[in-house]
Amino acid sequence: MSQAHNPDDWRDRFPILAETTYLVNHSLGAMPRTVFDKLQAYAEQWATRGVRAWGEGWWTAPVDVGNVLGRLMNAPENTVVMHQNVSVIESIVASAMDFSGTRNKVVYTDQNFPSVMYVWEAMRRQGARIECVASEDGIGVPTERLLEAIDEETLIVPISHVCFKSSYLQDAKAICERAREVGALVLLDTYQSLGTVPVDVVELGVDMVCGGSVKWLCGGPGAGYLYVREDLLDTLNPGITGWAAHAEPFAFEQGAQRFAPGIERLLHGSPAVPALFAASAGYEIVSEVGVETIRAWSVSSTESLRKRMLDAGFSIPSPSDPAQRGGTITIGLNEDENGPAFVSALADRGILVDHRPGAGIRVSPHFYTRAEELEEFAASMVELREKRSWRDFLNQKGSY
Ligand SMILES: Cc1ncc(COP(=O)(O)O)c(C=O)c1O
């Protein structure tokens, strides 16, 4: 439980925390110190084992590392495969869909990550119909409205678990239930949830899950994951494919793809080995802390910050109910205030956050964040707002 959790128990495992107030975990999680060891071991292996390294863990890294990641979402062994990023994964899944029949609708909301929309929009050329449900408040779409859009003509619902701008936490269980009822698939993007919000693929009964490791998983870039429900695997024959997905890659067969039977059928070409090894350092530490513990700490931290910022006169365009919110709090600014200038002035004080147009300043404590750091951020925001107009921020930023 959160009472027992002490961020100080974990802080010296993350070098950057000695120097900065690190509140930008929704963008890039802090690097665990053990990444140095993982990358050193990778380089040693390459240096001393040479080509033999392929048979000593490199070739199987996408599934081996997928298994480490998979435990964080209760995925059975060999149901997760690693790729470079979510955009590639969505493209692979989209290339396995058949839009030629009447079941050709793709449903999501306008709070989806743009990259995901770009991939599915391009499927219009293959006959896909896209139904993008618009949010009325810019925070999220009420579950009922989304469920209404998922009907018997829906092929797939590629949707965010936690929306990247507002941190709105969608009701994944209800979405999966509705999709099952009408025979549609769900591809849940847990990029902004896994590592800070509990995800259990078995309990959700979700078909597919994807995400990356850059944020709450503290795994760095180049390590996207794709989970596929075991009984669905053999039905997926992606057009975006490669030799690693072949039943016998080292037979170098000519002609059409002959897919591997298991999760390997969703591979592509040679894996990005160092990125995968580095990312496993993040999965190990997140698993050691425990996602339930992280969630409890996150809810209590974001609740205190939300109240503090509201008391100070800021608006909070993130859901007020923590049960509907991921790990980020967005702080709204006035129209005449310049978000990037706030971010830059805070960075000058060693406080790292970011800004999204139309949303505000995004702040995200993680399990290593102290309450004092959130107070330091809040006090700085109040001081910056009082001290200058946005014009002064731009012109005199250096003086903060
Ligand atoms: C919900 C969500 N999906 C996807 C991405 C990124 O996708 P990719 O892995 O293709 O860079 C982000 C990045 O911010 C995100 O927040």
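Residues numbered from 1 in each chain as written. Predicted model: local features only at pLDDT ≥ 70, side-chain atom pairs only at ≥ 80, totals over all residues.

## Quick notes on helix α3 (residues 86–94)
What sets the pattern is the α-helix's 3.6 residues per turn: residues three or four places apart point alike.
Right, so step 1: With 7 of 9 residues buried, α3 lies mostly within the body of the structure.
Right, so step 2: When we look at burial in α3, the residues that qualify are Val-86, Ile-89, Glu-90, Ser-91, Ile-92, Val-93 and Ala-94.
Right, so step 3: On its buried side, α3 packs onto β2 (80–83), α4 (114–121), β5 (154–160), β6 (185–189), β7 (208–211) and β8 (224–228). (Buried ≥ 20, exposed ≤ 12 C-beta atoms within 10 Å, placed from the backbone. Helix = DSSP H or I, 4+ residues; strand = E, 2+ residues; numbered from the N terminus. Contact = placed C-beta atoms within 7 Å.)

## Details of the site of the ligand
Right, so step 1: As a structural note, the neighbourhood of the ligand is formed by Asn-85, Val-86, Ser-87, Phe-113, Ser-115, Ser-160, Phe-164, Asp-189, Tyr-191, Gln-192, Gly-212 and Gly-224.
Right, so step 2: Partitioning the shell around the ligand into residue classes produces 4 nonpolar, 7 polar and 1 charged. (Near = placed C-beta within 6 Å. Nonpolar A, V, L, I, M, F, W, Y, C, P; charged D, E, K, R; others polar.)

## Regarding the packing of helix α2 (residues 61–70) against helix α8 (residues 273–289)
Right, so step 1: Viewed as axis vectors pointing N to C, α2 and α8 meet at an angle of 15 degrees, and their least axial separation amounts to 10 Å. On the basis of the axis angle, α2 is roughly parallel to α8. Crossing angle aside, the handedness with which α2 passes α8 is left-handed. Residues Ala-61, Pro-62, Val-65, Val-68 and Leu-69 of α2 touch α8, and the partners they reach there are Val-273, Leu-276, Phe-277, Ala-279, Ser-280 and Tyr-283.
Right, so step 2: Looking at the contact of α2 with α8, its residues break down into 10 nonpolar, 1 polar and no charged. (Axes fitted to C-alpha atoms, helices over the stretch in contact; angles between N-to-C directions. Parallel < 35°, antiparallel > 145°, perpendicular 65-115°, else oblique. Left-handed = near helix turned anticlockwise from the far one by under 90°.)

## Thoughts on the pairing of β5
Right, so step 1: The buried fraction of β5 amounts to 7 of the 7 residues, a majority that puts the element mostly inside the structure.
Right, so step 2: Examined bridge by bridge, strand β3 (residues 105–109) and β5 share 2 bridges and lie parallel to one another. Among the inter-strand pairings, Val-106 is bridged to a residue of β5, identified as Ile-156.
Right, so step 3: Both β5 and β6 contribute to a ladder of 5 bridges, which runs parallel. (Pairing = 2+ DSSP bridges.)

## Things to note about the sheet that holds strand β12 (residues 360–363)
Right, so step 1: If you trace the 3 strands from one edge of the open sheet to the other, you get β9-β12-β11, paired in antiparallel fashion. This sheet does not close on itself; its edge strands, each paired only once, are β9 (329–331) and β11 (354–356). Shown here is a sheet whose adjacent strand axes are inclined to one another by a mean of 40 degrees, direction ignored.
Right, so step 2: Where β9 and β12 come together, 3 bridges link them in antiparallel fashion. Within β12, the position partnered with Thr-330 by the bridge is Arg-362.
Right, so step 3: Of the strands in this sheet, β11 and β12 touch helix α10 (residues 339–348), which is tilted by about 175 degrees from β11.

## Points about the environment of Glu-375
Right, so step 1: Within the element layout of this structure, Glu-375 appears in helix α11 (residues 371–387).
Right, so step 2: Sequence separation between Glu-375 and Arg-308 is 67 residues; the distance between their C-alpha atoms is 8.3 Å.

## Describing α4
Right, so step 1: Three or more residues of α4 are buried, namely Val-116, Val-119 and Trp-120. All buried residues of α4 lie within an arc of 90 degrees about the axis, which places them on one face of the element. Opposite the buried face of α4, at more than 90 degrees from it, the exposed residues are Pro-114 and Tyr-118.
Right, so step 2: Against the buried residues of α4 lie α3, β3, β4 (129–133), β5 and β6. (Arc of directions from axis to C-beta.)

## Looking at the domain arrangement of the protein chain
Right, so step 1: Splitting the protein chain by domain gives domain 1 (2–30 + 290–399) and domain 2 (34–288).
Right, so step 2: One C-alpha centre belongs to domain 1, the other to domain 2, and the line joining them spans 29 Å.
Right, so step 3: At the interface, 26 residues of domain 1 touch 24 residues of domain 2.
Right, so step 4: For the side of domain 1 that touches domain 2, the secondary-structure elements that each account for two or more residues are α9 (291–311) and β9.
Right, so step 5: Of all the elements, α9 adds the most residues to the side of domain 1 that touches domain 2, at 5 residues. (Domains from an automatic or database assignment.)

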